[in-house]
Amino acid sequence: MIRKELVAASAEPLILSLLAKDESYGYAIIQEVKARSDGKLEWTDGMLYPVLHRMEHRGLIKSRWGESETGRKRKYYSLKKDGKTAMATHHEQWSLVHSVLAGLRKE
Amino acid sequence: MFDLEQSIADWRRQMLAAGIKTPVPLEELEIHLREDIAQQMKTGSNQQDAFTSAVQKLGSAHTVQTEFMKVDKTHSALKWKLMEIGLTLATILVPLLFGGIVLKRASFIDMTVAEELSSLAALAAFSLLAWSGRLGHRLLPVIQNKRIRDAIRFSCCVPLPLWWIVFLNFIVPRHDFTMGEFLVAFTWAFFTPVGACIGLNWGIETAARKEIERPDVSASQS
């Protein structure tokens, strides 16, 4: 299991990167993160929504109501321009941390 | 016999009781809950187990609501910051603009120096009253209840236009003002009460917000 603090810190870059591929909705975002991390990165489902709403208030993402193929109502989120910039910054910072860690490990 | 709709209705009531707002975000959470139940049932869970597990995964109403409150707070802090910038600009630019007009037009409408100074003093009083509230917020009571603060704002704003109507319709016609005298009376009657009103509300709002910010230093997460 990954530590709580790291899960919280990685939520925004992960959401941004997922939405950069295509628009998505809460349930699918959680499922995809879970699948990509082999179930090791697990969020409390309800906690995703305050994060999404905060990102929307900050102008990083936008939302629209839509319907699934089966007619189920869904709220879809997609990336805005500021979100792309924020994502680039996140990637830069996380890569830096990763390369420092990897470098130290090799020594 | 387990009744899914009844259980979801009970869950909704619990969420509402914890303060989760409807329709958004409660509706969004309910959609998530239903989606999770449907997915679990597809993989063989029975309705009751799927419901229990989905509710558990969603987290307690209280924890989710605490997170949503943080979002509201950041949002309202941002709005308040913009409001403060607006108020700062208004309390500086309005007196400068109007003061400029008074100085420029003084000779056209035969204003005496005393009238000119009095008009400018009224404009200065407007800014000073507004800023004294902002800077002296420590002297004002801390009112945490937003409704009471809104009520104070409302009770300040409503009498202002009434007073202006009285001033223009009843006071001005009873006096044979020269243009200069009228301008003096006008600046005192219009700007000073507005300044006092802005000051009082600016101060009360600042006092309440500083009090909210204080115990919450560790909770900044964005």
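Residues numbered from 1 in each chain as written. Chains lettered and ligands numbered in written order. Predicted model: local features only at pLDDT ≥ 70, side-chain atom pairs only at ≥ 80, totals over all residues. Heavy atoms only, no water.

Thoughts on the sheet that holds strand 2 (residues 61-67) of chain A
The sheet built from three strands is open, its strands ordered 1-3-2 (chain A) with antiparallel pairing. In this open sheet, the two edge strands, each paired with only one partner strand, are strand 1 (24-25) and strand 2 of chain A. Bridge count between strand 2 of chain A and strand 3 (residues 73-79) of chain A: seven bridges; the pairing is antiparallel. Paired with Ser63 of chain A across the two strands is Tyr77 of chain A, which belongs to strand 3 of chain A. Together, strand 1, strand 2 and strand 3 of chain A form the strand contacts of helix 2 (residues 26-42) of chain B, whose direction differs from that of strand 3 of chain A by roughly 110°. (Pairing = 2+ DSSP bridges. Helix = DSSP H or I, 4+ residues; strand = E, 2+ residues; numbered from the N terminus. Contact = heavy atoms within 4.5 Å. Axes fitted to C-alpha atoms, helices over the stretch in contact; angles between N-to-C directions.)

Examining the packing of aromatic side chains
Per the counting criterion, the structure on display carries 11 aromatic pairs over all chains. Here Trp164 of chain B and Phe190 of chain B contribute two aromatic rings whose centre-to-centre distance is 4.9 Å and whose plane-to-plane angle is 5°, an arrangement assigned as stacked. Linking Trp164 of chain B in helix 7 (residues 159-174) with Phe190 of chain B in helix 8 (residues 179-213), this pair joins segments that are 26 residues apart in sequence. Ring centres of Phe182 of chain B and Phe186 of chain B lie 5.9 Å apart, and the angle between their planes is 35°; this geometry places the pair in the tilted category. With Phe182 of chain B and Phe186 of chain B both in helix 8, this residue pair falls four residues apart, about one helical turn. Against the face of Trp65 of chain A rests Lys73 of chain A, its NZ or CZ located 4.7 Å from the ring centre. (Phe/Tyr/Trp six-rings, centres within 6.5 Å; stacked < 30°, edge-to-face > 60°. Lys NZ or Arg CZ within 6 Å of the ring centre and 35° of its normal.)

Side note on the pairing of strand 3 of chain A
Most of strand 3 of chain A is tucked away: six of the seven residues are buried. Adjacent in sequence and paired antiparallel, strand 2 of chain A and strand 3 of chain A are bridged by five residues, among which Gly71 of chain A carries a positive phi angle near 85°. (Buried < 20%, exposed > 50% of the residue type's maximum accessible area, 1.4 Å probe, protein only.)

Some remarks on the nonpolar core
Note on soluble globular proteins: their nonpolar side chains tend to be buried together. Of all hydrophobic cores here, the largest spans 38 residues; its most connected members are Ile15, Trp43 and Ile61 of chain A together with Leu29 of chain B. Ranked by the residues each element gives to this core, the list is headed by helix 1 (residues 4-21) of chain A, at six residues. Discounting residues that sit within four places of it in the chain, Leu29 of chain B has contacts with Gly46 and Tyr49 of chain A together with Trp11, Met15, Ile20, Leu58, Val64 and Phe68 of chain B. (Core = buried A, V, L, I, M, F, W, Y, C linked by side-chain atoms within 4.5 Å.)

Describing the confidence of the model for chain A
In the predicted model, chain A carries a mean pLDDT of 92, and 100% of its residues have values of at least 70. Helix 3 (residues 45-57) of chain A is the least confidently modelled element of chain A, averaging 91 in pLDDT, while strand 1 of chain A averages 96, the highest of any element. (pLDDT = per-residue confidence, 0-100.)

Some words on the interface of chain A and chain B
Residue-level contacts link 20 residues of chain A with 25 residues of chain B. For the pair chain A and chain B, the summed buried area comes to about 2,200 Å², and 62% of that belongs to carbon and sulfur atoms. Of all residues in chain A, the largest losses of buried area upon contact with chain B belong to Tyr27, Tyr49 and Arg54 of chain A, amounting jointly to 29% of the total for that side. For the pair chain A and chain B, the number of links is three salt bridges. Residues Glu27 of chain B and Lys73 of chain A are paired through a salt bridge, measuring 2.7 Å at the closest nitrogen-oxygen approach. Put simply, chain A and chain B have nine residue pairs in polar contact (both at pLDDT 80 or more) between them. Of all elements in the fold, only helix 2 (26-36), helix 3 and strand 3 of chain A reach the threshold of two or more residues within the side of chain A that touches chain B. By residue number, the principal contributor to the side of chain A that touches chain B is helix 3 of chain A, which donates eight residues. The residue inventory of the side of chain A that touches chain B, partitioned by class, reads nine nonpolar, five polar and six charged. (Buried area = accessible area lost by both parts, 1.4 Å probe. Salt bridge = Lys/Arg side-chain N within 4 Å of Asp/Glu carboxyl O. Polar contact = N/O pair within 3.5 Å; in protein donor to acceptor, adjacent residues only side chain to side chain. Nonpolar A, V, L, I, M, F, W, Y, C, P; charged D, E, K, R; others polar.)

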